[in-house]
Amino acid sequence: MTVNEATRTERKKVILSGIQPTGIFTLGNYIGAVRNWGKMQEDYDCAYFIADLHSLTVRQEPAKLRKQTLDAFALLLACGIDPEKSLVFIQSHVHAHAELSWILSCYSMFGELSRMTQFKDKSAKHVDNVNAGLFTYPALMAADILLYQADYVPVGEDQRQHLEFTRDVVTRFNNIYGEVFRMPDAYIPEAGARIMSLQEPTKKMSKSDTNVNAFISILDEPNAIVNKFKRAVTDSETVVCYREGKDGINNLMSIYSVVTGESYDRIERDFAGKGYGDFKLAVGETVAEELRPIREKFAALTADKAALEALYRKGAETAARIAERTLGKVKKKLGLLPR
């Protein structure tokens, strides 16, 4: 095997994921995705960024956006992202995102952008602010992905269409200029438990729920977590068991099983004859303890603003070096005169 072959064999696949600074993760986000992020660092080259430019398609309060962006950055670290192992940065700190976004807009067809479901949905929701940024959002998302030559992108159903758009742009661009961009694929993690609302257990848990008792924020205080579980909707029975028609208890059992690693059968045996009150308390205390290290690390990180700023500046410097390599190659292919 040649040195070049060995290098190709040993190269870790690149995973890129961005989150908008719109609020704190819920327990559902944590169980479904966030708690696996730390493990992914061992197997992949991970890049995580705070997508503050994407958030501008909706009017933002400047002071609130600044705080939420810093909090979101700290939250990634608190959830186990190690800046020594992963690339962590803030999108607007790397100018190449906006520059490549414009270039890719010139290789995006109007018809493709107009068919985006998310554009239609958000246009209907924000009728007084149907801006061009909302329309060209997929081109910026494509730039995010392609600057770092990502192999995989974790996407939910609402973003899958955007990834397909990115793949179409890659095909179009590479067909004209050669193999400039790596073709990204969707990253499909192992199926995790689907965590439902504590107040309406047939609906998915959401941080946008108007009822604060319906969801657990991963930064909720222990007492708040326990009290929310105590108020969780169940049914008129008292038997802790997993079966059809017991949506509330099924949801609590799913949560308890994921956090403790215990099977449903074991949970049923452990709580036989104890009733719902004891079970809700146990689930609440277990979840509060599971989230305790995140709360504590987040508090420590946000208490030292200077150290946090040093981390995001270092992340931006590293991200800019990687992004500029890709952008430079693109400019050369396009015939743009070097500076």
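This is a predicted model, so every value here is computed, not measured.

Student: Is there a simple way to think about the confidence of the model for the protein chain in this case?
Tutor: Any segment with low pLDDT has predicted coordinates that should not be analysed in fine detail. Chain-level pLDDT for the protein chain is 91 on average; 95% of the residues reach the 70-or-more range. Within the protein chain, the lowest mean pLDDT, 48, falls on helix H1 (residues 3-10), and the highest, 98, falls on strand E3 (residues 87-90). In the model, residues 1-8 has pLDDT below 50 throughout and makes 2 contacts with residues more than four positions away in sequence or in other chains.

Student: Whenever I open this one, the packing of helix H11 (residues 247-260) against helix H13 (residues 275-303) confuses me. Can you help?
Tutor: Relative placement of two packed helices is described by the angle separating their axes and the distance separating the axes. With their axes 10 Å apart at the nearest point, H11 and H13 run at an angle of 40° to one another. One element, H11, and the other, H13, form an angle in the oblique class. The handedness of the crossing between H11 and H13 is left-handed. Every residue of H13 that contacts H11 at Ile249, Leu252, Met253, Ile255, Tyr256, Val259 and Thr260 is listed here: Tyr276, Phe279, Lys280, Ala282, Val283, Thr286, Val287 and Glu290. Here the residues of the contact of H11 with H13 sort into 11 nonpolar, 2 polar and 2 charged.

Student: Help me understand the pattern of salt bridges, please; the structure alone is not making it clear to me.
Tutor: Oppositely charged side chains may form a pair once their charged atoms are brought near each other. The tally for this structure, following the rule as stated, stands at 17 salt bridges. When salt bridges that share partners are traced, they join Asp235, Glu237, Arg243 and Lys246 into one network.

Student: Help me out: how do you make sense of helix H5 (residues 96-105) in this one?
Tutor: When H5 is considered as a whole, its buried residues turn out to be Ala96, His97, Leu100, Ser101, Ile103 and Leu104. Buried residues along H5 cover an arc of 165° about the axis, so they all sit on one side.

Student: What am I meant to see in the environment of serine 197 here?
Tutor: Here serine 197 shows up in the loop between strand E5 (185-187) and helix H10 (222-230). Residue class for serine 197 comes out buried when judged on its relative accessible area of 1%. In this structure the C-alpha to C-alpha distance between serine 197 and phenylalanine 215, which are 18 residues apart in sequence, comes to 5.9 Å. Excluding residues within four positions of it along the chain, serine 197 makes contact with Lys203, Lys204, Met205, Asp209, Ala214 and Asn251. In terms of polar contacts, serine 197 uses its side chain to reach the backbone amide nitrogen of glutamine 199, at 3.1 Å.

Student: Looking at this model, I keep getting lost on the packing of helix H7 (residues 117-125) against helix H8 (residues 132-147). Mind explaining?
Tutor: Their axes nearest at 10 Å, the elements H7 and H8 cross at an angle of 160°. Considered as vectors, H7 and H8 are oriented roughly antiparallel to each other. For the crossing formed where H7 meets H8, the hand is right-handed. Residue-level inspection shows Gln118, Phe119, Lys122 and Ser123 of H7 in contact with H8, the latter providing Leu134, Phe135 and Tyr137. For the contact of H7 with H8, the class distribution of residues is 4 nonpolar, 2 polar and 1 charged.

Student: Can you walk me through the nonpolar core in this structure?
Tutor: Across soluble globular proteins, nonpolar side chains have a tendency to be buried as a group. The biggest cluster of nonpolar side chains holds 56 residues, and the ones touching the most others in it are Leu27, Trp37, Phe229, Ile255, Phe279 and Val287. Looking at this core, the element that brings in the most residues is H13, giving 10 residues. Those residues in contact with isoleucine 255 that lie beyond four places of it in its chain are Leu27, Ile31, Ile195, Leu198, Phe229, Val283 and Val287. Among the nonpolar cores identified, the runner-up in size contains 39 residues, and Ala96, Tyr107, Phe119 and Val170 belong to it.

Parameters and conventions
Residues numbered from 1 in each chain as written. Predicted model: local features only at pLDDT ≥ 70, side-chain atom pairs only at ≥ 80, totals over all residues. Heavy atoms only, no water. pLDDT = per-residue confidence, 0-100. Helix = DSSP H or I, 4+ residues; strand = E, 2+ residues; numbered from the N terminus. Contact = heavy atoms within 4.5 Å. Axes fitted to C-alpha atoms, helices over the stretch in contact; angles between N-to-C directions. Parallel < 35°, antiparallel > 145°, perpendicular 65-115°, else oblique. Left-handed = near helix turned anticlockwise from the far one by under 90°. Nonpolar A, V, L, I, M, F, W, Y, C, P; charged D, E, K, R; others polar. Salt bridge = Lys/Arg side-chain N within 4 Å of Asp/Glu carboxyl O. Buried < 20%, exposed > 50% of the residue type's maximum accessible area, 1.4 Å probe, protein only. Arc of directions from axis to C-beta. Polar contact = N/O pair within 3.5 Å; in protein donor to acceptor, adjacent residues only side chain to side chain. Core = buried A, V, L, I, M, F, W, Y, C linked by side-chain atoms within 4.5 Å.

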